[in-house]
Amino acid sequence: MAQVIKGSDAAAGIKSELKKIIREYDLKPRLAVIQAGNDDSNAAYGRGIKKACDDAGIEVREYTFPGDISQADFEQQFIRINEDPEIHGILLYRPLPEHLDENRFAELIDPDKDMDCMSPVNWAKLAMGN
């Protein structure tokens, strides 16, 4: 007989364990949420991310750039955030405005900070079951 697993129960267990680890090791994890433009579909998603992070003890730093930001300027800002040692994870809201090359940001993101598995390195690890 199949066993039904509730996603909310699994998520609560993971969140509880995460909070315990953060307290035990006195960690101060920080997530950078990066957005170009003002896509309304990201607003609700962003509120959910912020609430989940707040509940777990993870600081969220939001970076919003104009929708008409140039590729070069957005790359420069993205690299600055990516290289910031105080940032432990990065979530890039997608889709990006059409004039921005999403694949370029997948190449730029530090695989260790990639929270959305957009890096080719992380895609390869996923495909290998790692």
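Given the structure is predicted, the values throughout are model-derived calculations rather than measurements.

What counts as what
Residues numbered from 1 in each chain as written. Predicted model: local features only at pLDDT ≥ 70, side-chain atom pairs only at ≥ 80, totals over all residues. Heavy atoms only, no water. Pairing = 2+ DSSP bridges. Helix = DSSP H or I, 4+ residues; strand = E, 2+ residues; numbered from the N terminus. Right-handed = clockwise from strand over helix to strand, strands pointing away. Contact = heavy atoms within 4.5 Å. pLDDT = per-residue confidence, 0-100. Disulfide = S-S within 2.5 Å. Salt bridge = Lys/Arg side-chain N within 4 Å of Asp/Glu carboxyl O. Buried < 20%, exposed > 50% of the residue type's maximum accessible area, 1.4 Å probe, protein only.

For strand 1 (residues 30–36) and strand 2 (residues 59–65), the ladder comprises seven bridges, and the chain directions are parallel. Counted as the bridge partner of Leu31 is Val60 from strand 2. One crossover worth recording links strand 1 to the parallel strand 2 by way of helix 2 (residues 41–56), and it is right-handed.

Now for the side chain of Asn42. You can see Asn42 is positioned in helix 2. Aside from chain neighbours lying at most four places away, what touches Asn42 is Gln35, Tyr93 and Arg94.

Here we take up the confidence of the model for the protein chain. Per-chain confidence: the protein chain averages 93 in pLDDT, with 100% of residues scoring 70 or above. The lowest-confidence element of the protein chain is helix 2, averaging 88 in pLDDT; the highest-confidence one is helix 3 (residues 71–82), averaging 98.

Next up on the list: the state of the cysteines. Scanning all chains against the criterion turns up zero disulfides. Here Cys53 stays free of any disulfide, with the sulfur of Cys117 as its closest cysteine sulfur at 18 Å.

Attention now goes to the pattern of salt bridges. A pair can form between side chains of opposite charge whenever their charged atoms are brought close. Per the counting criterion, the structure on display carries eleven salt bridges. Taking the shortest distance from any N to any O, the salt bridge between Arg94 and Asp116 comes out at 2.8 Å. Residue Arg94 is located in the loop between strand 3 (89–92) and helix 4 (102–108), and its partner Asp116 is located in the loop between helix 4 and helix 5 (120–127); the two are separated by 22 residues in the primary sequence. The exposure class of Arg94 is partly exposed, given its relative accessible area of 28%. What makes Asp116 partly exposed here is its relative accessible area of 32%.

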